Amino acid sequence: MLFHVRMDVAIPRDLDPEERTRLVTTEKARALDLQRSGKWVHLWRVVGAYSNVSVFDVDGTDELHDILWNLPLFPFMTITVTPLTEHPSALSANP
Ligand SMILES: O=C(O)C[C@H]1C=CC(=O)O1
């Protein structure tokens, strides 16, 4: 199943700088692993914001929840999930 996910990040300004670096570094490693696994198929920065829009290809809501819940920056993100289905006018639906 495909899901559009928006993540808005708000790391507290007073967070210890070393902890901030550790979280961002581990988040990046996790994001790269998930992209290599094929679960995190698109990752785009939203221009002008500490936000991303992403597309995940996972078995279902439980797997997506588990992935998002375990992201290192999860405590500092507001996440909006939109399930996707094929559009009937998409080229992929009209070979
Ligand atoms: O920077 C972000 O948008 C938050 C998060 C998503 C991937 C990553 O490396 O950090």
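Residues numbered from 1 in each chain as written. Predicted model: local features only at pLDDT ≥ 70, side-chain atom pairs only at ≥ 80, totals over all residues.

With an unreviewed UniProt entry as reference, the protein chain is termed Muconolactone Delta-isomerase, source organism Geodermatophilus sabuli. Per its UniProt entry, the protein chain bears the Pathway (unreviewed entry) comment "Aromatic compound metabolism; beta-ketoadipate pathway; 5-oxo-4,5-dihydro-2-furylacetate from catechol: step 3/3." The Subunit (unreviewed entry) comment attached to the protein chain in UniProt states, word for word, "Homodecamer." (UniProt positions renumbered as here; feature names shortened; annotations may be inferred.)

## Considering the site of the ligand
As a matter of local geometry, the ligand sits amid M7, V9, E27, K28, A31, N52 and L73. For the shell around the ligand, the leading source of residues is helix α1 (residues 17-37), giving 3 residues. For the shell around the ligand, the class distribution of residues is 4 nonpolar, 1 polar and 2 charged. (Near = placed C-beta within 6 Å. Helix = DSSP H or I, 4+ residues; strand = E, 2+ residues; numbered from the N terminus. Nonpolar A, V, L, I, M, F, W, Y, C, P; charged D, E, K, R; others polar.)

## Structural notes on the confidence of the model for the protein chain
Across the protein chain, the average pLDDT comes to 98, with 100% of residues at 70 or higher. Interface confidence for the predicted complex, expressed as ipTM, amounts to 0.97; the pTM equals 0.96. (pLDDT = per-residue confidence, 0-100.)

## A word on the environment of V53
Examined against the element boundaries, V53 turns out to sit in strand β3 (residues 51-57). Sequence-wise, V53 and L43 are 10 residues apart; in three dimensions their C-alpha atoms are separated by 6.1 Å.

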